[in-house]
Amino acid sequence: MEKDTSVADRLARMKVNYMKEGMRTSVEAILLVQEHNHPHILLLQIGNTFCKLPGGRLKPGENEIEGLKRKLTSKLGANSPALVPDWQIGECVAIWWRPNFETIMYPYCPPHITKPKRYGPVISTIPQQLSRFQFNMITT
């Protein structure tokens, strides 16, 4: 369940958190699965109309890889302490910046911004981001 009922509420909450904790760092995973001989990206559906990549906000001072593993386990792992997944994290695909408390994010930090609000990827740009990789799909 999301904490905010609208984008405006979310941005207001982010502004309050920034004043308390500083720059926000989030991580999100691009999980590829092969279905019907085509690659698909796993998205999590939130409510009826919103989808997002699995991941979320890091704790202050938390390592990005360990934080992503923690987030993936909490969102996708089994509900049993005996079944801890061994997530294999690859390289960083992109870093996106939110210069102010707005909905627009950029794939760079604009030069006039002195206090950026770092964020995660934009879903619509994933095909372009992945185009620099070569994937070999294995069929059985």
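Above this text sits the structure in question.
Residues numbered from 1 in each chain as written. Predicted model: local features only at pLDDT ≥ 70, side-chain atom pairs only at ≥ 80, totals over all residues. Heavy atoms only, no water.

Chemist: What's the story with the pattern of salt bridges in this structure? I'm lost.
Modeler: Scanning all chains against the criterion turns up 3 salt bridges. A salt bridge links Asp4 to Arg13; the shortest N-O distance between them is 2.7 Å. Residue Arg13 is classed as partly exposed on the basis of its relative accessible area of 24%. For Arg70, the salt bridge identified is with Glu62, shortest N-O distance 2.8 Å. Note on Glu62: relative accessible area 21%, which makes it partly exposed. (Salt bridge = Lys/Arg side-chain N within 4 Å of Asp/Glu carboxyl O. Buried < 20%, exposed > 50% of the residue type's maximum accessible area, 1.4 Å probe, protein only.)

Chemist: Whenever I open this one, unusual backbone geometry confuses me. Can you help?
Modeler: Excluding glycine, a negative phi dihedral is what most residues carry, and trans is how most peptide bonds are arranged. Although it is not a glycine, His36 adopts a positive phi angle of roughly 55°. Mapping His36 onto the fold places it in the loop between β2 (32-35) and β3 (38-41). Residue classification places His36 among the exposed positions, given a relative accessible area of 66%. Phi at Asn37 takes a positive value of approximately 60°, unusual for a residue other than glycine. Checked against the element boundaries, Asn37 lands in the loop between β2 and β3. (Helix = DSSP H or I, 4+ residues; strand = E, 2+ residues; numbered from the N terminus.)

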